[in-house]
Amino acid sequence: MKVHWTDTAERHLDAIYDYIAQDSPEYAKRMVDRLTRRSQQIATYPFSGRRVPEHDVDQIREVIEGSFRIIYHIKSTQIDVLAIIHGAMDLLGRSEQENK
């Protein structure tokens, strides 16, 4: 199945790169490569990711890569990558500390 990266997800990738590149452009490139390579798993095994806890909808799933959550929506004709967020954040933008 085809994987489509939404504009939001692409902006998230750019922001991740920019943040990490402040310390190490090489590591930033490797991290972005790792995140985008997960598309292959999603394309081949769309339901391999777990349901996103904040939504609990079967078609909205996530896979974890390093410290990041790759959140995607399975549609009939394609998979949309919706967001890439740090694992310490929920989809509402709250950190784990705020949730306690």
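Throughout, a residue's number is its position along its own chain's written sequence, starting from 1. Predicted model: local features are reported for residues with pLDDT of at least 70 only, side-chain atom pairs are reported and counted for 80 or more only, and whole-chain, interface and lining totals are derived from all residues. Computation of side-chain values: all heavy atoms of the structure, hydrogens and water removed.

Digging into the environment of Gly 49
Then comes step 1: In this description a helix means any DSSP run of H or I spanning at least four residues, a strand means any run of E spanning at least two, and both kinds are numbered starting from the N terminus. Checked against the element boundaries, Gly 49 lands in the loop between α2 (25-44) and β2 (50-51).
Then comes step 2: Only protein chains enter the calculation, and the probe is 1.4 Å; a residue is then buried if its accessible area is under 20% of its type maximum, exposed if over 50%, and partly exposed in between. Residue class for Gly 49 comes out buried when judged on its relative accessible area of 4%.
Then comes step 3: Residue contacts are counted whenever heavy atoms from the two residues lie within 4.5 Å of one another. Once you skip the residues sitting within four places of it in the chain, Gly 49 turns out to touch Arg 61, Glu 62, Val 63 and Tyr 72.

Notes on the side chain of Arg 69
Then comes step 1: Position of Arg 69 among the secondary structure elements: in strand β4 (residues 68-74).
Then comes step 2: With relative accessibility at 6%, the residue Arg 69 sits in the buried group.
Then comes step 3: Side chain to side chain, Arg 69 and Glu 54 meet in a polar contact 2.9 Å long. Any N or O atom pair separated by 3.5 Å or less is treated as a polar contact, with the protein-specific requirement of one donor-capable and one acceptor-capable atom, and with residues adjacent in sequence counted only for side-chain atom pairs.

Let's talk about α2
Then comes step 1: Each helix should span, by expectation, one fewer than its residue count multiplied by 1.5 Å. When the terminal C-alpha atoms of α2 are compared, their 30 Å separation across 20 residues agrees well with the 28 Å that a helix rising 1.5 Å per residue should span.
Then comes step 2: The complete set of buried residues in α2 reads Ala 28, Met 31, Val 32, Leu 35, Arg 38, Ser 39, Ile 42 and Ala 43. Within α2, the buried residues cover an arc of 150 degrees as seen down the axis, which keeps them to one side. In α2, those exposed residues whose orientation departs by more than 90 degrees from the buried face are Gln 40 and Thr 44.
Then comes step 3: On the buried face of α2, the contacting elements are β1 (2-5), α1 (7-21), β3 (60-65), β4 and β5 (78-86). Picture the helix axis, draw a direction to every C-beta atom, and the arc is the one those directions span.

Description of the pattern of salt bridges
Then comes step 1: For this analysis, a salt bridge means a side-chain nitrogen from Lys or Arg found within 4 Å of a carboxyl oxygen belonging to Asp or Glu. All chains considered together, the criterion is met by ten salt bridges.
Then comes step 2: Across the pair Arg 38 and Glu 65 runs a salt bridge, and its minimum N-O distance is 2.8 Å. Taken together, the residues span a long stretch of sequence, with Arg 38 in helix α2 and Glu 65 in strand β3 at a distance of 27 residues. The burial state of Arg 38 is the same as that of Glu 65; both residues are buried.
Then comes step 3: As a salt-bridge pair, Arg 69 and Glu 54 come within 2.9 Å of each other at their nearest N and O atoms. With Arg 69 in strand β4 and Glu 54 in the loop between β2 and β3, this residue pair connects regions lying 15 residues apart in the sequence.
Then comes step 4: Glu 54 sits in the partly exposed class, given a relative accessible area of 30%.
Then comes step 5: Residues participating in the shared-partner salt-bridge network are Arg 50, Glu 54, Glu 62 and Arg 69.

Purely geometric numbers; function is a separate question.
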